[in-house]
Amino acid sequence: MPLHLWSVLLLGLGLLALAQSGPPLRTLAEKRGLQIGAAVEPNLLLQDPEYARVLAREFNLLVAENVMKWGALQTARGQFNFGAADLLVDFAQKNQMAIRGHTLVWHQQLPRWIYDRFTPAEMEAILHQHIQTVVGRYRGKIAYWDVANEVIGDDARPRTTPFDVLPDYLEKAFRYARAADPKAKLFYNDYGAEGLGPKSDAIYALLKSLKEKGVPLDGVGFQAHLDLNFSPEAARMAENLERFARLGLEIHITEMDVRLSGPGSRAERLRKQAQIYQEVLQVCLRQPRCKVFTLWGVSDAYSWRAASEPLIFDADYQPKPAYFALQRTLQQP
Ligand code: G3I
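Definitions and limits used
- Residues numbered from 1 in each chain as written.
- Predicted model: local features only at pLDDT ≥ 70, side-chain atom pairs only at ≥ 80, totals over all residues.
- Heavy atoms only, no water.
- Near = heavy atom within 4 Å.
- Polar contact = N/O pair within 3.5 Å; in protein donor to acceptor, adjacent residues only side chain to side chain.
- Nonpolar A, V, L, I, M, F, W, Y, C, P; charged D, E, K, R; others polar.
- Axes fitted to C-alpha atoms, helices over the stretch in contact; angles between N-to-C directions.
- Helix = DSSP H or I, 4+ residues; strand = E, 2+ residues; numbered from the N terminus.
- Left-handed = near helix turned anticlockwise from the far one by under 90°.
- Contact = heavy atoms within 4.5 Å.
- Phe/Tyr/Trp six-rings, centres within 6.5 Å; stacked < 30°, edge-to-face > 60°.
- Buried < 20%, exposed > 50% of the residue type's maximum accessible area, 1.4 Å probe, protein only.
- Lys NZ or Arg CZ within 6 Å of the ring centre and 35° of its normal.
- Core = buried A, V, L, I, M, F, W, Y, C linked by side-chain atoms within 4.5 Å.
- Disulfide = S-S within 2.5 Å.
- Salt bridge = Lys/Arg side-chain N within 4 Å of Asp/Glu carboxyl O.
- Pairing = 2+ DSSP bridges.

Sorry, what's going on with the site of the ligand here?
Close to the ligand lie 14 residues, the nearest being Glu 65, Lys 69, His 102, Gln 108 and Glu 255. Within the side chain of Gln 109, a nitrogen or oxygen atom sits 3.5 Å from an oxygen atom of the ligand. Class assignment of the residues belonging to the shell around the ligand gives a composition of three nonpolar, seven polar and four charged.

Following this line, the structure appears as structure tokens:
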């Protein structure tokens, strides 16, 4: 067959595939007043054109999976590397996507130097400089910042961090972030708090006390790293989200993925995975303060849990049943 006929055939097949997979999620989400996001690694934008294409086609929000963490941004004290983060911000802007910044205070992925023994005054200066520099650089470009990530441990008590030397470091982090970009909405983000229980109770108490003290906190992120034994069930999750909503907080699903591993046939597990994505999206759509639904990656190939295929596109960018479940759910009245 002559070359041009091959191109026509390939173009036809491409259009057919697109038509078969239906309207992109971002188009449907926009109609529902929802932002649908994915966690992004900027090096993949350069290495894998299909990654960039699927990301821009399906999502209208992105979050830095790793490149806006302390360890990536401030490798040596006072020395900032913004290359990868800038790339991500440029990509989002070119593709009309909102950005979620992640994260300003976390106990992980910190640079080695921050474990030196600093005095409270030194730590205050370090925290202030980091937040002022990072949030300030992207002022007006980042819609939401995860100011605090996973402060409460699985035992429902605050975790130990190098920031502890500074009393009220958490409050200060929020205040510095507000000063650096008054328009960005500021979030507390955590996992394992989707349902009712000691950990979500502890987070609730913490956020309530921050609000009562007038700390500039706008919202709470529920990560939703789940598996096929979706626990809590949807009704408990809805109940939990509602109490946070009553604190006046905006609610985001921030890092959803669902591990496929477990008993049963592959087809059954894919169905169950789809059902869990659908249930969590429904909980969000039914909660008037839930405005963002974000997945922790695009394709199974690059997931932090790649072996358990937790995302909605497989490693070849084929939409999985979970993709179609989200698409259907967004189309339901
Ligand atoms: O960048 C280095 C690279 O230079 C090196 O060659 C390679 C070898 O292992 O490691 C690379 O760093 C890895 C980094 O991801 C980037 O790929 C780290 O080892 C690895 O630990 C790091 O994992 C990230 C993890 O946070 C760190 O705890 C995951 O990608 C990221 O998905 C995960 O994200 C967290 C959220 O921030 C908070 N909520 C939970 C979520 C899942 O754990």
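Right, picking up where we left off after that structure.
Would you explain the packing of helix H7 (residues 120–137) against helix H8 (residues 169–180) in this entry?
Packed helix pairs are characterised by how far apart their axes lie and by the angle those axes make with each other. Axis separation between H7 and H8 bottoms out at 9 Å; the angle between their running directions is 35°. By crossing handedness, the relation of H7 to H8 is classed as right-handed. Contact with H7, carried on its side by Glu 124, Leu 127, His 128, Ile 131, Gln 132, Val 135 and Gly 136, involves Tyr 169, Lys 172, Ala 173, Tyr 176, Ala 177 and Ala 180 of H8 and no other residues of that element. Class assignment for the residues of the contact of H7 with H8 results in eight nonpolar, three polar and two charged.

Just checking my understanding: could you explain the packing of aromatic side chains for this structure?
When we look at a pair of aromatic rings, we describe it by the centre distance and by the angle of the planes. This structure, assessed with the given rule, holds twelve aromatic pairs. Centre to centre, the rings of Trp 70 and Trp 113 are 6.2 Å apart; their planes meet at 50°, and the pair counts as tilted. Residue Trp 70 is found in helix H5 (residues 70–73), and its partner Trp 113 is found in the loop between strand E3 (98–105) and H7; the two are separated by 43 residues along the sequence. Note on Trp 70: relative accessible area 2%, which makes it buried. Both rings, one in Phe 313 and one in Tyr 323, keep their centres 5.1 Å apart while their planes meet at 50°; by these two values the pair is tilted. Of the two residues, Phe 313 sits in the loop between strand E9 (290–295) and helix H12 (321–331) while Tyr 323 sits in helix H12, which places them ten residues apart along the sequence. Given a relative accessible area of 1%, Phe 313 falls into the buried group. Given the relative accessible area of 1%, Tyr 323 is considered buried. Taken together, the ring pairs in this structure connect Trp 70, Trp 113, Phe 118, Phe 163 and Tyr 169 into an aromatic cluster. Here the basic side chain of Arg 100 rests over the ring of Phe 187, its NZ or CZ set 4.8 Å away from the ring centre.

Mind showing me how you'd approach the nonpolar core here?
Inside soluble globular proteins, nonpolar side chains tend to come together where they are buried. The biggest cluster of nonpolar side chains holds 105 residues, and the ones touching the most others in it are Leu 55, Leu 207, Met 256 and Phe 293. When sequence neighbours within four positions are dropped, the list of residues in contact with Phe 293 reads Leu 34, Gln 35, Ile 36, Gly 37, Ile 253, Met 256, Tyr 277, Val 280, Leu 281 and Leu 326. Grouped together as the second largest cluster of nonpolar side chains are five residues, Leu 61, Ala 98, Tyr 144 and Phe 187 included.

How should the state of the cysteines be read in this particular structure?
Here, disulfide denotes a covalent bond that connects the sulfur atoms of two cysteines. The final tally for this structure, using the stated rule, is one disulfide. With its sulfur 2.1 Å from that of its partner, Cys 284 forms a disulfide with Cys 290. Because the torsion about its S-S bond is -95°, the bridge between Cys 284 and Cys 290 counts as left-handed. The exposure classification of Cys 284 matches that of Cys 290, with both residues buried.

Teacher, can you tell me more about the pattern of salt bridges here?
Side chains that differ in charge, positive against negative, can pair when their charged atoms come close. Taken as a whole, this structure holds 19 salt bridges when the rule is applied. A salt bridge links Lys 213 to Glu 171, with the nearest nitrogen and oxygen atoms 3.1 Å apart. Taken together, the positions of Lys 213 in the loop between helix H9 (198–212) and strand E6 (219–222) and Glu 171 in helix H8 put the pair 42 residues apart, joining distant regions of the chain. In this structure Lys 213 comes out as partly exposed when scored by relative accessible area, which is 48%. We classify Glu 171 as buried; its relative accessible area is 13%.

When you look at the pairing of strand E5 (residues 185–190) in this model, what are you seeing that I'm missing?
Looking down a regular strand, the side chains alternate between one sheet face and the other. With five of six residues buried, E5 lies mostly within the body of the structure. Pairing of strand E4 (residues 144–149) with E5 involves five bridges; the strand directions are parallel. Counted as the bridge partner of Asp 146 is Phe 187 from E5. Where E5 and E6 come together, four bridges link them in parallel fashion. If you follow Asp 190 over to E6, its bridge partner there is Phe 222.

Just to check I follow, could you spell out the environment of Lys 208 for this structure?
Structurally, Lys 208 is set in helix H9. For Lys 208, a relative accessible area of 33% puts it in the partly exposed group. Sequence separation of Lys 208 and Leu 247 is 39 residues, and the distance between their C-alpha atoms is 6.8 Å.

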